[in-house]
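# Summary of the model geometry
For reference, the chains in residue letters:
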Amino acid sequence: MQPMALMLSTWGLPLGLLALTAWYGAVMYRRGQAWKRLAETVPQPDSPQTTTFSILIAARDEAPRLPALLADLAAQAYPAASFEIIIVDDDSTDGTAAVVQAFAAESTVSVRLLQLAQQPGAGRGKKAAIAFALANARHEWVACTDADCRVGPQWLATFDARIAQNPTLDMLSGPVALQPDGTALARLQVVEFAGLVGVGAASLALGMPNMCNGANLAYRRTAWHEVGGFTQNQHLASGDDEFLLHALWARRAGSAAFVKAKTAIVRTSAAPSLRAFLRQRVRWASKWRHYRQPGVQQLALGVFALNLGLLVGVGWGLKWPVTTPAVALAWAAKLLIDGWFLRLILRFQGDERH
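Calculation criteria
- Residues numbered from 1 in each chain as written.
- Predicted model: local features only at pLDDT ≥ 70, side-chain atom pairs only at ≥ 80, totals over all residues.
- Heavy atoms only, no water.
- Salt bridge = Lys/Arg side-chain N within 4 Å of Asp/Glu carboxyl O.
- Helix = DSSP H or I, 4+ residues; strand = E, 2+ residues; numbered from the N terminus.
- Buried < 20%, exposed > 50% of the residue type's maximum accessible area, 1.4 Å probe, protein only.
- Pairing = 2+ DSSP bridges.
- Axes fitted to C-alpha atoms, helices over the stretch in contact; angles between N-to-C directions.
- Contact = heavy atoms within 4.5 Å.
- Phe/Tyr/Trp six-rings, centres within 6.5 Å; stacked < 30°, edge-to-face > 60°.
- Parallel < 35°, antiparallel > 145°, perpendicular 65-115°, else oblique.

## Observations regarding the pattern of salt bridges
In this structure the tally under the stated criterion is 12 salt bridges. Salt-bridge contacts for Arg60 lead to Asp90; the nearest nitrogen and oxygen are separated by 2.8 Å. Here Asp90 lies in the loop between β2 (83-89) and α3 (96-106) and Arg60 lies in the loop between β1 (53-59) and α2 (66-74), a separation of 30 residues in the sequence. In this structure Arg60 comes out as partly exposed when scored by relative accessible area, which is 43%. We note a salt bridge from Asp170 to Arg220, for which the minimum N-O separation is 3.3 Å. With a gap of 50 residues between them, Asp170 in the loop between α5 (155-165) and β6 (171-173) and Arg220 in strand β8 (residues 217-220) connect regions that are remote in the sequence. Per residue, the accessibility class of Asp170 equals that of Arg220, and both read buried. What you see here is one network of salt bridges that share partners, running through Asp170, Arg220, Glu226, Arg251 and Arg252.

## Looking at the sheet that holds β6
Sheet architecture is open: 7 strands sit in the order β3-β2-β1-β4-β8-β6-β9, paired in mixed fashion. In the strand order of this sheet, the two ends are held by β3 (110-115) and β9 (256-258), each with one partner. Adjacent strand axes in the sheet meet at a mean angle of 20 degrees when their direction is disregarded. In this structure, β1 lies alongside β2, joined through 7 bridges in parallel fashion. Bridge assignment links Ala58 to a residue of β2, and that residue is Val88. Against the sheet, α2 makes contact with β1 and β2, and its axis sits at roughly 165 degrees relative to β2, the strand it touches most.

## As for unusual backbone geometry
A positive phi is found at Asp61, a non-glycine position, where the angle reads about 55 degrees. In this structure, Asp61 sits in the loop between β1 and α2. Residue classification places Asp61 among the partly exposed positions, given a relative accessible area of 27%.

## Thoughts on the packing of aromatic side chains
For the structure shown, the criterion picks out 7 aromatic pairs. Between the aromatic rings of Trp316 and Trp320, the centroid separation amounts to 4.7 Å while the plane-to-plane angle is 50 degrees, which identifies the pairing as tilted. An aromatic cluster of three or more residues is present, and its members are Trp35, Phe258 and Phe348.

## A few points about the packing of helix α6 (residues 184-205) against helix α11 (residues 324-349)
If you want to describe how two helices pack, look at the angle between their axes and the distance between the axes. Where α6 contacts α11, the axes come no closer than 9 Å and their chain directions differ by 95 degrees. It follows that α6 is roughly perpendicular to α11 by the angle criterion. Here α6 contributes Val190, Val191, Ala194, Gly195, Gly198 and Val199 to the contact with α11, which in turn contributes Phe341, Leu342, Ile345, Leu346 and Gln349.

Given below as structure tokens:
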């Protein structure tokens, strides 16, 4: 092999890796600055609370976890007449329906149980359950969370305060944080998930929405109907959150916003095992090829290429030791960039110890 060709074959990947790392650094720095510029929403006790909400929850075999969430929702620092709770039972085989019925019988808040199986042609799964709930919701704004989540007492009040700041909004994306169980796997998930939340929030603030989470979301029913609901992606198991965000933004740029507020944080448990974690991430990652916004696809491909390149670079350095410093520099730069960005998000969540 000629010297020039040998040099190119030896240094091609390390140089490409350094270029990708520089691109990634610019992307993450911009998002970090956008995160810092995001003003925090603070609900004021003396401010009028004018938004009414239908809280939608799809539940399948969630009897052990639902009581805690229902108690959180009933304890909202919000007028009881200004919100309702709708639980859609999606073919549960445990006591989910009985838990909801028992709670509704004692609650001063409106709680309704819907059975998806009793709705002909409704289909199955979360999207079908949410669509069924939307068809029965009484209020214009719907707030969505998952049955295994916990919300604070000012969750709805914070959404209302953010809507009051900009009444033209059609969607609010809220922060979600994982609750560690003390294991190393859970702690790693807390950090990784914080990065996803931060990137989604900052990208939305930059006018380039890519990610949000259906565990903490609010939107107008009329806006959902105007973009056709979930019909364009009904065949996909997930995407009741991000596809809707993209559709609403395509319909009217600026119609969605992130709610940066500690009082709006929804907390949920980390995946119980590595297998469950990987299956969840594969399911989430499978959505990117269905995104219609080129910028979202390019970002996903760029990050994937960098991560893959870093892994390949380890073996590359072993084969060609002369390239090891370049590969090590790319690794160090990536870790420093991620550490800086993650610290911003973890500080907001109150999880700096990770």
